[in-house]
Structures are given as structure tokens and as C-alpha cells.
Amino acid sequence: MIASVRGPVLEVGLDHAVVEVGGVGLAVHATPSTLAGLRRGVESRLATTLIVREDSLTLFGFADADERELFLLVQTVSGIGPRLALATIAVLEPDTLRRALADGDLTTLQRIPGVGKKSAERLVVELRDKVAAPATVPVGASATPAAGGAGGRREQVVEALVGLGFTARPAEQAVDAVLARSPDAAAAELLRSALSSLGRSR
């Protein structure tokens, strides 16, 4: 398993970054908050895990090993794959996720895109004994505003949501609703809020 990558960041997209390691550019899929902490041309280190499928090799990156362990843990639940696991840690901070699992907070878990009541119940049943509720929930770091106008950000975020499995119209509606409330939101923040909104609507 590729446990981590370190090198200059060549590119930062809405759902992935390209990190140069030994002269090779590796595409690393990550959450908006992790990507918001990367800067093009600056050397960075990401905790990673490689998901191997018959037709693909996909590298996922995380701000730290804690996020990576939760990503892997969530996938032990039947019916949950890498895409949904990444959406889980994109919408819920690690401590928020642990608290929701430990407390059986189905409402919070249903904020995750693609997770309904039955899936939330399954998450609690299968993971409650594997996590410990944190003493406090830390305040997350704010995302750095992205360059470009609202129109460009809107198109990028809608495209990222479609790539996560949502249909175009609901994705556009969710992004427009977030922009109406927060017109200056950075792309990463916009994607996180839209994901949360789409998760509640399911």
C-alpha cells in the first residue's frame, strides 16, 4: 500500500491534486478541505491509501492518518465503497463523525450524500463499538478563497458533484442555493455545503 506521498503540488482541482513524486505526477483524490490546504508549486505531504479494482488503481489522499483510518473504517460497512467513504469525511469532520456514530445520531449521518436512514443505522450498528466519541469537536480551518468568479466556481463545483454521482439538475440547484446565501464562498466551501445540502434532501 502507498501510505503517503510527498512532493511539489503540480495541480489542484476540486476533487483531486497532482503531486510529483520521483518525477512522476500522481493524481490523488481528496476532500475539499484537504485540497484547500494545498498550493501549486509548494511541497506537501499527504497520508494516502491505494484502492485496487479490476479496472482501476485509485489513490486517495488525506490531511493526516486519522482521516485515512476513518476512510478505511467506513468502507468496512457493507454497501459503502471509496466514493461514499470520501463523501463521508468531506461532509463530516473526523470528530463529528465519531460523535455521531458513538451517539447513534442518525440525523447527522444522513447529511452524507447517499446515506438514508437504513444506511445510517447500519453505520451506527457496525461502527459504534469501533470508535470513541471525542471530548470536544474542534473548529475546522476555513477554506482559502479560490480565484475566479462565481460563474467559474459554479461550473467547477457542479462538475465535481456530477462526478460524485449526482445528476446535473439537483447539483445545479444545490450550488445555486449555496451561492445565494454565500456569494463569495470558496470553491471548496461551496462543494462541501452543496454536498451537505444534497445529503439532507435524500
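Placed above this text is the structure.
Peer 1: Residue-level account of the pattern of salt bridges, with values.
Peer 2: What the rule picks out here adds up to five salt bridges. For Asp176, the salt bridge is made with Arg154, and the minimal N-O distance between the two is 2.6 Å. Highlighted residues: Asp176 in helix 8 (residues 168-181) and Arg154 in helix 7 (residues 150-163), separated in sequence by 22 residues. Taken together, the salt bridges that share partners define one network made up of Asp66, Asp95 and Arg98.

Peer 1: Describe the nonpolar core, naming the residues involved and giving the relevant values.
Peer 2: Formed by 44 residues in total, the largest nonpolar core has its most connected members in Phe71, Leu109, Leu123, Val157, Leu161 and Val175. When residues no more than four places from it in sequence are discounted, the contact partners of Leu161 are Phe166, Ala171, Val175, Leu191, Ala194, Leu195 and Leu198. In terms of nonpolar packing, the next biggest core, distinct from the first, is built from ten residues, Ala17, Leu38, Leu46 and Leu59 among them.

Peer 1: Report on helix 6 (residues 117-127), specifying residues and quantitative values.
Peer 2: The set of residues buried in helix 6 consists of Ala120, Leu123, Val124 and Leu127. The buried residues of helix 6 all sit within an arc of 95° when viewed along its axis, so they share a single face. Those residues of helix 6 that are exposed and aimed more than 90 degrees away from the buried face are Lys118 and Val125. Its buried side turned inward, helix 6 meets helix 2 (65-74), helix 4 (94-103) and helix 5 (106-109).

Peer 1: Tell me about the sheet that holds strand 3 (residues 24-29), and name the residues and values.
Peer 2: Read once around its circumference, the closed barrel built from five strands follows the order 1-2-3-5-4, with strand pairing classed as mixed. Ignoring strand direction, the axes of neighbouring strands in this sheet form an average angle of 55°. Both strand 4 (residues 43-53) and strand 5 (residues 56-62) contribute to a ladder of seven bridges, which runs antiparallel. Within strand 5, the position partnered with Leu50 by the bridge is Leu59. Along the sheet face, helix 2 touches strand 4 and strand 5 and points at about 15° away from the line of strand 4. Sheet strands touched by helix 3 (residues 82-91): strand 4 and strand 5. Its angle to strand 5, the strand with the most contacts, is close to 10°.

Peer 1: Describe the packing of aromatic side chains, listing the residues and the values that go with them.
Peer 2: Inspection of the entire model under this criterion finds two aromatic pairs. Taking 5.0 Å as the distance between ring centres and 40° as the angle between the ring planes, the aromatic pair formed by Phe60 and Phe71 counts as tilted. Taken together, the positions of Phe60 in strand 5 and Phe71 in helix 2 put the pair eleven residues apart, joining distant regions of the chain. For Phe60, a relative accessible area of 7% corresponds to the buried category.

Rules used in this analysis
Residues numbered from 1 in each chain as written. Predicted model: local features only at pLDDT ≥ 70, side-chain atom pairs only at ≥ 80, totals over all residues. Heavy atoms only, no water. Salt bridge = Lys/Arg side-chain N within 4 Å of Asp/Glu carboxyl O. Helix = DSSP H or I, 4+ residues; strand = E, 2+ residues; numbered from the N terminus. Core = buried A, V, L, I, M, F, W, Y, C linked by side-chain atoms within 4.5 Å. Buried < 20%, exposed > 50% of the residue type's maximum accessible area, 1.4 Å probe, protein only. Contact = heavy atoms within 4.5 Å. Arc of directions from axis to C-beta. Pairing = 2+ DSSP bridges. Axes fitted to C-alpha atoms, helices over the stretch in contact; angles between N-to-C directions. Phe/Tyr/Trp six-rings, centres within 6.5 Å; stacked < 30°, edge-to-face > 60°.

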